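Below are the chains, spelled out letter by letter.
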Amino acid sequence: MAKKTSTQRIPSPYSVSIREVAKQAGVSVASVSRVINNSGHVSEKLQQRIQAAIQQLNYIPNSAARALITRQTHIIGALIPSIAHSIYATFIEALQQRLNGAGYSLVIAIAGYDRKYEYEEARQLILAGAEALMLPGEMHNPALYRLLQARNIPYVLNSIFHPDSPHPCVGYDNKGAALRTTNYLLDLGHRRIATITGYCDKIDRFAERVDGIRESLQKRGCELPDSWILQRDFSIAEGREAFRYLMTQPTRPTAIVCGNDVLALGALLEAQRLGVQVPEEVSITGFDDLEWAAQMTPSLTTVHIPLATMGIRVADYLLGRLRGEAVPHATRIEVDLVLRESTGPCR
């Protein structure tokens, strides 16, 4: 006997029309359209009736059709290197909430640190209808900047503060933060200071932090040897390996400035395994102030970034550009050095 198959048609999410919503709410199609598109004035009482009808009928606006009419998709794209670390979670959540409140949706693309791949991901976001883009840092494929400018697509860089750059930005002074951290260690008596950081040729934020460490040391008559600039991928294992390498050198550093908290965590764990006392034998600092940094033993001295604030300011810049408003070319986000147990005076 042949197996019976179902031929029931799956209803389209757009099978309910805007006219049906208007009829259900007892209003005009124009009123429904104004509520959906957040355009024009509709009384609060009418808005409630229309929203109730939309929920009762499970109405979903056809965004493709709406875009053809309004020439707006209400989509904003964000390129981020990775979702492996929680630093992006707080930032993206704040960015998305701000955009949603203005009637925009956020679409995220994971680009890694490959500029060619990042360019292709940006193209896909634009093809999908992104009206504006957020990019991490300033170091990008020149073709990406040309594409955005040719298409007149607003964009903003995050996590850097370069007021003299031709590119708009919302972020913090990476070099200044690293200089402040190093000055603090120097004030504690440390003179042999190393760094475990990301790849400076791929990520400008880390190159700037290394510059800050080097400048701080030079001003005090010290130096940062190339052999003490350990560039690694962002993982706990890489932080452990780098710390182990430094501890096997004939001359050990008495302090290590890590490029982020993940590398610092690896260094702290390896110090425990090797029996190296922190901070009695070596001080360790991080960057980001992730949630667990204060809960460790010893707790981690690190640079705190107000990620939610940065996400909100990025959203405000892009929304302002899309509305044709005057917006600041560069917005500085202030960061703080948070002192905890992983740093102490040099013996």
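Source: prediction; values computed, not measured.

A. Here's a closer look at the confidence of the model for the chain. Per-residue pLDDT for the chain has a mean of 90; in total, 91% of the residues score no lower than 70. Counting interchain partners and residues more than four positions distant, the pLDDT-below-50 stretch residues 1-13 has 1 contact.

B. Layout of the packing of aromatic side chains. By the definition in use, this model includes 4 aromatic pairs. Ring geometry for Tyr 145 versus Tyr 155: centroids 5.8 Å apart, planes at 50 degrees, classification tilted. Pair noted here: Tyr 145 is in helix H7 (residues 142-150) and Tyr 155 is in strand E4 (residues 155-158), with a separation of 10 residues, a long-range link. Per residue, the accessibility class of Tyr 145 equals that of Tyr 155, and both read buried. Taken together, Tyr 113, Phe 206 and Phe 234 form an aromatic cluster joined through their ring pairs. The lysine or arginine in question, Lys 202, covers the ring of Tyr 199, its NZ or CZ lying 5.7 Å from the ring centre. The aromatic ring of Phe 287 is capped on one face by Arg 209, whose charged end is 3.7 Å from the ring centroid.

C. Quick peek at the side chain of Thr 181. Within the fold, Thr 181 resides in helix H8 (residues 174-187). Excluding residues within four positions of it along the chain, Thr 181 makes contact with Val 257, Thr 285, Val 303 and Leu 337.

Calculation rules
- Residues numbered from 1 in each chain as written.
- Predicted model: local features only at pLDDT ≥ 70, side-chain atom pairs only at ≥ 80, totals over all residues.
- Heavy atoms only, no water.
- pLDDT = per-residue confidence, 0-100.
- Contact = heavy atoms within 4.5 Å.
- Phe/Tyr/Trp six-rings, centres within 6.5 Å; stacked < 30°, edge-to-face > 60°.
- Helix = DSSP H or I, 4+ residues; strand = E, 2+ residues; numbered from the N terminus.
- Buried < 20%, exposed > 50% of the residue type's maximum accessible area, 1.4 Å probe, protein only.
- Lys NZ or Arg CZ within 6 Å of the ring centre and 35° of its normal.

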